[in-house]
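Below, each chain spelled out in residue letters.
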Amino acid sequence: MSNIYSLFHERTKSGTDFILDAGGDTVATYMDLETRSARYANRLAGLGLVKGDRVMVQVEKSVESLFLYFACLRAGLIYLPLNTAYQRSELEYFIDNSSPMLIVCAPNSEMLFTSICGAAANIKKFDIQTLDGDGEGSINNNLGHEVDTFTDQPCDKRDIAAILYTSGTTGQPKGAMISHGNLEANATTLHKTWGFTPGDLLLHALPIFHVHGLFVATHLAVLNASPIIFLPKFDAMEITRLLPDASVYMGVPTNYTRLLANPEFGTDTCRNIRLFTAGSAPLLPHTFDEFRRRTGHTIVERYGMTETGMNTSNPLEGVKKAGTVGLPLKGVSCKIIDSAGKTLGANETGTLLVKGPNVFSGYWQLPEKTREEFTDDGYFRTGDLACRDEEGYISIVGRGKDLIITGGFNVYPREVEKVIDKMHGVDESAIIGLPHGDYGEAVTAIVVRSEGSDIDEPTIIQHLKSTLANFKVAKQVLFVDTLPRNTMGKVQKNVLREQFGQ
Ligand code: AMP
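Residues numbered from 1 in each chain as written. Predicted model: local features only at pLDDT ≥ 70, side-chain atom pairs only at ≥ 80, totals over all residues. Heavy atoms only, no water.

Engineer: How should the overall build of the chain be read in this particular structure?
Structural biologist: Across its full length, the chain carries 14 helices and 25 strands. If you line up the chain on its principal axes, its C-alpha atoms span 70 × 55 × 45 Å. The 502 residues of the chain split such that 58% are buried. With an accessible surface of roughly 20600 Å², the chain has 50% of that area assigned to carbon and sulfur atoms. (Helix = DSSP H or I, 4+ residues; strand = E, 2+ residues; numbered from the N terminus. Buried < 20%, exposed > 50% of the residue type's maximum accessible area, 1.4 Å probe, protein only. Areas by Shrake-Rupley, 256 points an atom, 1.4 Å probe, with all protein chains shown as cover.)

Quick look at the structure:
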């Protein structure tokens, strides 16, 4: 294998539909993917970019931005997508850290980027181009004059295809270097694992600045030469309307809870679907159960992260277990260890390590940090706490940094959250540790009540006492209307700790 694009290249010859709009009309064919990405690749080469240069992209989701992404792959450039929510101070950091040779931004951020780059020595002004949500912008000026063929840059498996800054909720973001080989390994494995077949049609409503929407969803559809109904964002009504046309839907857990909240969503909506997947955050067991009850479909939960792509999945055929992220994918090795580095057995909780061709090579310009995150035998420390049952199914218990140590005992938030989430009158919960004079940290439950529920603190505490060891019982229960989440649906526990830590 060379350039990952060579995997997709064969597919583009078919000339079948690539992108469909919400009305079912063809926006682009696979032939367009080939020719339009070639035009962009020629444009980038014309701007003087050479293999290994970083192209930073902070734009709204559009078909043109997808073509730009494929153009970067073809030209051997390093694609560096940024969440559209990032603000000035964060952008300053990313620019300083990655030294992009080109920035493509929304027209209304051009001034901002110009002013940041004015102060940064490594960016020249002419290297800022624009692209809006309708696919219009300076990067497209006279694009039709560019040649519509391109000789793809030969790449080694280890050559970096993309840098994605981890969406870590604390600490300085780190740029994960993802290679052509990592992308190839994950795309081909998932394609088999999830049984992609001719005729599949993907409904795509995820952002494309993240692993989930860009690498998992888009790559799998392209590898399958499948049409994609490409939506700018998730909207429960719109998804309910369009699902009958699709056979595959990939979402974050909040997508599923919102679909279930729509009374029009049900069995008939899902009549043509063969695969629902969920990931990026834990899928609550009651969402898993309720979804099965309402639609007859079982969501396939999988687990991955920016640094590794996907690591595990519940099986397509065979038992899908609620509250677990399934089994390691073919070629991926998962190990759970204790603080002394000893490999743990079934039902013991420890740190999850992963190794495989999907695992990134390190953090951009952070060799020390990279060394710390890999073990001597080449495993990556995910930072997630996990345990494995007798059949090998893995459950993610929480992030290591969210572990609560109270009176010298370890409390894994997920274990307590699961008990509260099952209670009648509770929608969802988050368990955090707050500073406590006596215990060091006090287990604290932040709870969202279901509509119309008046469940109170003593009821929850009483239930916890009757279910869990005493040290795991919340010392305090606080009620909120919603839990703060980032764009990938992850609960931001740092925000809760700040809000309630006073
Ligand atoms: P990111 O790098 O933004 O994709 O975040 C990766 C993190 O999301 C992982 O390290 C996990 O903590 C979490 N995560 C991803 N998928 C799942 C899942 N299915 N269940 C629980 N946590 C998940």
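Engineer: Please clarify how the sheet that holds strand β25 (residues 476-479) should be interpreted in this entry.
Structural biologist: Strand pairing in a sheet is mediated by backbone hydrogen bonds. Such pairs are either parallel or antiparallel. Reading across the sheet, the three strands line up as β23-β24-β25 and stay open at both edges, with mixed pairing between neighbours. Bordering the open sheet on either side are β23 (426-436) and β25, each of which pairs with just one other strand. The mean inter-strand angle of the sheet, taken between neighbouring strand axes irrespective of direction, is 30 degrees. Alignment of β23 against strand β24 (residues 440-449), held across 10 bridges, turns out to be antiparallel. (Pairing = 2+ DSSP bridges. Axes fitted to C-alpha atoms, helices over the stretch in contact; angles between N-to-C directions.)

Engineer: So what exactly am I meant to see when it comes to the pattern of salt bridges here?
Structural biologist: Oppositely charged side chains can form a pair if their charged atoms are brought close together. Across all of its chains, the model carries 26 salt bridges by this definition. Notably, a salt bridge pairs Glu92 with Arg88, separated by 2.9 Å at the nearest N-O pair. Taken together, the residues Glu92 and Arg88, both in helix α4 (residues 88-98) and four residues apart, mark about one turn of the helix. On the basis of relative accessible area, Glu92 is assigned to the partly exposed category, the value being 34%. The salt bridge partner of Glu417 is Lys493, with a shortest N-O separation of 2.6 Å. Here Glu417, found in helix α12 (residues 413-421), pairs with Lys493, found in helix α14 (residues 493-500); they are 76 residues apart in sequence, far enough to count as distant. As far as the burial class goes, Glu417 and Lys493 line up, both buried. (Salt bridge = Lys/Arg side-chain N within 4 Å of Asp/Glu carboxyl O.)

Engineer: Just checking my understanding: could you explain the domain arrangement of the chain for this structure?
Structural biologist: Note on interface size: it is often stated as the accessible area lost on association of the parts. For the chain, the assigned domains are domain 1 (30-155) and domain 2 (403-500). Centre-to-centre, using C-alpha coordinates, domain 1 lies 43 Å away from domain 2. (Domains from an automatic or database assignment.)

Engineer: Would you explain unusual backbone geometry in this entry?
Structural biologist: With a phi angle near 45 degrees, Ser99 is a residue other than glycine that sits in the positive phi range. Checked against the element boundaries, Ser99 lands in the loop between α4 and β5 (102-105). Positive phi values are uncommon outside glycine, yet Asn142 reaches one of about 55 degrees. Tracing the backbone through its elements, the reader meets Asn142 in the loop between β6 (128-130) and β7 (160-165).

Engineer: In this structure, what is going on with the packing of helix α2 (residues 30-46) against helix α3 (residues 63-75)? I would like to understand it.
Structural biologist: The relative placement of two packed helices comes down to the angle between their axes together with the axis-to-axis distance. Relative to each other, α2 and α3 sit at 65 degrees, their axes nearing to 8 Å. Taken as axis vectors, α2 and α3 run roughly perpendicular relative to one another. The two elements α2 and α3 cross, and the hand of that crossing is right-handed. In this structure, α2 uses Asp32, Leu33, Glu34, Arg36, Ser37, Ala38, Tyr40, Ala41 and Leu44 to contact α3, whose residues at the interface are Glu64, Phe67, Leu68, Phe70, Ala71, Cys72 and Arg74. Among the residues making up the contact of α2 with α3, the classes are represented as 10 nonpolar, one polar and five charged. (Parallel < 35°, antiparallel > 145°, perpendicular 65-115°, else oblique. Left-handed = near helix turned anticlockwise from the far one by under 90°. Contact = heavy atoms within 4.5 Å. Nonpolar A, V, L, I, M, F, W, Y, C, P; charged D, E, K, R; others polar.)

Engineer: Explanation requested: the packing of aromatic side chains in the structure shown.
Structural biologist: How two aromatic rings sit relative to each other is set out by the distance from centre to centre and by the angle between their planes. Counted under the stated rule, the structure contains 22 aromatic pairs. With a centroid separation of 5.8 Å and an interplanar angle of 90 degrees, the aromatic rings of Phe8 and Phe70 are classed as edge-to-face. With Phe8 in helix α1 (residues 5-12) and Phe70 in helix α3, this pair connects stretches of sequence that are 62 residues apart. When its relative accessible area of 0% is taken as the criterion, Phe70 is described as buried. (Phe/Tyr/Trp six-rings, centres within 6.5 Å; stacked < 30°, edge-to-face > 60°.)

Engineer: What am I meant to see in the packing of helix α9 (residues 253-260) against helix α10 (residues 285-295) here?
Structural biologist: The interhelical angle for the contact between α9 and α10, taken along N-to-C directions, is 45 degrees, at an axis separation of 10 Å. What the angle tells us is that α9 and α10 run oblique. Read as a crossing pair, α9 and α10 show a hand that is left-handed. Here Tyr256, Thr257, Leu259 and Leu260 of α9 come into contact with α10, specifically with Thr287, Glu290, Phe291 and Arg294. Broken down by class, the residue content of the contact of α9 with α10 amounts to four nonpolar, two polar and two charged.

Engineer: What exactly am I supposed to notice about the sheet that holds strand β17 (residues 350-355) here?
Structural biologist: The antiparallel open sheet is built from four strands, whose spatial order is β16-β17-β19-β20. The open sheet is flanked by β16 (333-337) and β20 (394-399), the only strands paired with a single partner. When strand polarity is set aside, the average angle formed by the axes of neighbouring strands in this sheet is 45 degrees. Both β16 and β17 contribute to a ladder of five bridges, which runs antiparallel.

Engineer: Honestly, α1 in this entry has me stumped. Any pointers?
Structural biologist: Helical geometry: 3.6 residues make up each α-helical turn, so side chains three or four residues apart lie on a common side. When we look at burial in α1, the residues that qualify are Tyr5, Leu7, Phe8 and Thr12. All buried residues of α1 lie within an arc of 145 degrees about the axis, which places them on one face of the element. (Arc of directions from axis to C-beta.)

Engineer: Any chance you could explain the nonpolar core here in plain terms?
Structural biologist: For soluble globular proteins, nonpolar side chains are generally found buried alongside one another. Among the nonpolar cores identified, the biggest contains 84 residues, and Phe18, Phe70 and Met250 are the most heavily contacted of them. Considering every element that reaches this core, the biggest residue donor is α3, with 10 residues. When residues no more than four places from it in sequence are discounted, the contact partners of Met250 are Trp194, Phe196, Leu202, Leu203, Leu206, His212, Val216, Ala217, Leu220, Tyr256 and Thr277. Core analysis: the next-biggest nonpolar cluster, separate from the first, contains 25 residues, Leu20, Leu201, Ile229 and Leu259 among them. (Core = buried A, V, L, I, M, F, W, Y, C linked by side-chain atoms within 4.5 Å.)

Engineer: What should I look at first to understand the side chain of Ser313 in this one?
Structural biologist: Tracing the chain through its elements places Ser313 in strand β14 (residues 309-313). The exposure class assigned to Ser313 is buried, which follows from its relative accessible area of 4%. Apart from the residues lying within four places of it in its own chain, the contact partners of Ser313 are Trp194, Val300, Glu301, Arg302, Val325, Gly326, Leu327 and Leu329.

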